[in-house]
Amino acid sequence: MRRQRNAKIIATLGPASSDTKTIQALFEAGADVFRFNFSHGSHADHQARYEIVRAVERKLGRPIAILADLQGPKLRIGTFAEGRITLTAGSEFVLDCDTSPGTVQRVCLPHPELFEVIAPGQSLLLDDGKLHLQVLASDGQRICTRVITGGPLSDRKGVNVPDAVLPIPVLTEKDRRDLAFALSLGVDWVALSFVQRPEDLLEARELVGGRASLMTKLEKPQALDQLEEIVRLSDAVMVARGDLGVELPPERVPGAQKRILRACRQHGKPSIVATQMLESMIAAPTPTRAEASDVASAIYDGADAVMLSAESASGSFPVQAVSMMDRIIIEVEHDPLYRNLIDAQYELPMPTRGDAICSALRNVTNIIGAAATVTYTTSGHTSLRAARERPTAPILSITPNLAIARRLALVWGVHSTVSADVHNVDEMVATAARVAREEGFAQSGDQIAITAGMPFGQPGSTNLLRIAEIEA
């Protein structure tokens, strides 16, 4: 099941992709990671899908990563007496603490913490930005606004506040329950929604306690003000263009995406581009040319992974969407311009032994034309730092830890495998050669470049680089 590409594909599971046949087909079509969206579905739904993914993993013999995406503190208005109203541009509209059904003049905003930070002149965006309100006054109980862009508004639509840092925890009570459940299942990654500050990551990190890797979803403009620190504290970062595209003007989203990907490359953290990538394939068997270009642009920019949401979760063509994304990535990575752009984005290694070895590994791979770079890793760190270098040869990652192998399935260029610990250099070389041959990366006469740490099995000790030839 060797992929013929470096960038990875995340596919969201949902009503259209909950049976064994479809999930296996999604993996065979190219999905490397399955996302469980905890904004939808019950715990029973997620558990059933989890068991199917693990069964497919055992059947096909390839580590598969599972991402639990927490809903986060999504802000929503209350309900209306008639279920729906229409706001007219120029009219006034009030959001208040009154829980009674709303009218064309007012509606409940059941988030009292917002009333203290909203100030005149700020904007409120409703229903994914379709409606725009400008704040006239706020007294702690009522927010009076003027409608700038009107339109229909129905029950429980979302509220975005692009101009303020909100005093709300990144983990709601629902998120805490979902997190505990996801960790009890054994998910590999946990995604935090609506991160605003570096501090938002600390509590989640403590609750996760090393049982999964932590992914930050960047969907608030305020997070961009502290991007470097947020990336540093994350294990991976997702450019979540849904809400980010609501709170930022559309013309600023591409630049923000490039800036985030660059910061992730600099820090050696996997980056994911998500939302509306092949949106039209929810209902059509082929994407628009603009969507294909969008996916391609993310790959040219060096993203570790691209993600499908409703396309694979609830669309009519989930397998075709994954297959299309696979084909786009392969086409881009075979373009000579791709390697030029990836090399142009090169970041100097950090002054550590691990980075020095992985930088040398990149150079050696290029010079000798190695068929594969082989990384032995206990914690995943060596494979991550090797991926940061973006070598020309695929990264064959060998670890004795299945949980680490699964997490690395998200990372650019990494083909993740599980093998018993080695105890000396001869055993290391023999195992690397055997796995490279078995996994289809090398054949007799090919050279491979191997990196590991001595003493073997000790995390964070990358200090060894070896070149070996595959014997007949």
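Above this note sits the structure.
Residues numbered from 1 in each chain as written. Predicted model: local features only at pLDDT ≥ 70, side-chain atom pairs only at ≥ 80, totals over all residues. Heavy atoms only, no water.

Asks: Can you explain unusual backbone geometry? Please cite residues and give values.
Replies: Its identity as a non-glycine residue notwithstanding, Asp128 has a phi of 55 degrees, on the positive side. Within the fold, Asp128 resides in the loop between strand S7 (123–126) and strand S8 (131–138). Despite not being glycine, Arg156 shows a phi value in the positive range, around 55 degrees. Counting through the fold element by element, Arg156 comes out in the loop between strand S10 (151–154) and strand S11 (159–160). Accessibility expressed as a relative area gives 53% for Arg156, which makes it exposed. (Helix = DSSP H or I, 4+ residues; strand = E, 2+ residues; numbered from the N terminus. Buried < 20%, exposed > 50% of the residue type's maximum accessible area, 1.4 Å probe, protein only.)

Asks: Which residues make up the packing of helix H3 (residues 173–185) against helix H4 (residues 200–208), and what are the values?
Replies: Where H3 meets H4, the axes come as close as 11 Å, and the angle between the chain directions of the two elements is 35 degrees. Viewed along their axes, H3 and H4 form a crossing whose handedness is right-handed. Across the interface between the two elements, Arg176, Leu179 and Leu183 from H3 touch Glu203, Leu207 and Val208 from H4. The residue makeup of the contact of H3 with H4, split by class, is four nonpolar, no polar and two charged. (Axes fitted to C-alpha atoms, helices over the stretch in contact; angles between N-to-C directions. Left-handed = near helix turned anticlockwise from the far one by under 90°. Contact = heavy atoms within 4.5 Å. Nonpolar A, V, L, I, M, F, W, Y, C, P; charged D, E, K, R; others polar.)

Asks: Describe the environment of Val411, with residues and values.
Replies: With respect to the secondary-structure elements, Val411 resides in the loop between helix H15 (402–407) and strand S19 (414–418). Judged by relative accessible area, Val411 falls into the buried class, the value being 2%. Residues Val411 and Arg388, spaced 23 residues apart in sequence, show a C-alpha to C-alpha distance of 9.4 Å. When sequence neighbours within four positions are dropped, the list of residues in contact with Val411 reads Asn6, Lys8, Pro270, Asp304, Leu384 and Ala387.

Asks: How would you summarise the sheet that holds strand S1 (residues 8–13) if you had to cite specific residues and measurements?
Replies: Spatially, S1-S2-S3-S12-S13-S14-S15-S16 is the arrangement adopted by the eight strands of the closed barrel, whose pairing is parallel. Shown here is a sheet whose adjacent strand axes are inclined to one another by a mean of 25 degrees, direction ignored. Pairing geometry for S1 and strand S2 (residues 33–37), over four bridges, is parallel. Each bridged residue has a counterpart across the sheet, and for Ala11 the counterpart in S2 is Phe34. (Pairing = 2+ DSSP bridges.)

Asks: An account of the environment of Thr399 is needed here, citing residue identities and associated values.
Replies: Note that Thr399 resides in strand S18 (residues 395–399). Along the backbone, Thr399 and Ser416 are 17 residues apart, and their C-alpha atoms lie at a distance of 7.9 Å. Among residues more than four places away in sequence, those in contact with Thr399 are Thr377, Thr378, Ile404, Ala405, Thr417, Val418 and Ser419. Within polar-contact distance, the side chain of Thr399 engages the backbone oxygen of Thr377 at 2.9 Å. (Polar contact = N/O pair within 3.5 Å; in protein donor to acceptor, adjacent residues only side chain to side chain.)

Asks: Talk me through helix H11 (residues 318–333); I want residue IDs and the actual numbers.
Replies: If you check H11, its first and last C-alpha atoms are 23 Å apart, about what 16 residues at 1.5 Å a residue would give, namely 22 Å. Listed as buried for H11 are Pro318, Ala321, Val322, Met324, Met325, Asp326, Ile328, Ile329, Val332 and Glu333. Where H11 is buried, its residues meet S1, helix H1 (20–29), helix H9 (289–300), strand S16 (305–308), helix H10 (310–313) and helix H12 (336–344). (Expected span 1.5 Å × (residues − 1).)

Asks: Please provide a residue-by-residue account of the nonpolar core, values included.
Replies: Ranked by internal contacts, the top residues of the largest apolar core, which has 73 residues, are Phe34, Val306 and Met325. For this core, the element with the most residues is H11, which contributes seven residues. Grouped together as the second largest cluster of nonpolar side chains are 25 residues, Val107, Ala164, Leu166 and Ile168 included. (Core = buried A, V, L, I, M, F, W, Y, C linked by side-chain atoms within 4.5 Å.)

Asks: Explain the pattern of salt bridges to me, using residue names and the numbers behind them.
Replies: Scanning the model with the defined rule gives 29 salt bridges in all. Glu57 is the salt-bridge partner of Arg54, the closest N and O atoms lying 3.4 Å from each other. Taken as a pair, Arg54 and Glu57 lie in helix H2 (residues 43–60) at a separation of three residues, close to a single helical turn. A salt bridge links Asp69 to Lys217; the shortest N-O distance between them is 3.0 Å. Residue Asp69 is found in strand S3 (residues 65–69), and its partner Lys217 is found in strand S13 (residues 213–218); the two are separated by 148 residues along the sequence. Assigned by exposure class, Asp69 and Lys217 land together as buried. (Salt bridge = Lys/Arg side-chain N within 4 Å of Asp/Glu carboxyl O.)

Asks: So what's going on with helix H13 (residues 353–368)? Which residues, and what values?
Replies: Taking 1.5 Å as the rise per residue, H13 with 16 residues should run 22 Å; its terminal C-alpha atoms sit 22 Å apart, in good agreement. Among the residues of H13, those classed as buried are Gly354, Asp355, Ile357, Cys358, Ser359, Leu361, Arg362, Val364 and Thr365. At the exit of H13 stands Gly369, carrying a positive phi of roughly 65 degrees.

Asks: I'd like a description of the sheet that holds strand S5 (residues 92–96), backed by residues and values.
Replies: Spatially, the six strands line up as an open sheet ordered S6-S5-S9-S8-S7-S11, and their pairing is mixed. Each end of this open sheet is capped by a strand with a single partner; those strands are strand S6 (106–108) and S11. Bridging between S5 and S6 involves three bridges; their strand directions are parallel. Residue Asp96 lies in a different strand from S6, and its bridge partner there is Cys108.

In short, the description is geometric, and any link to function would need to be established separately.
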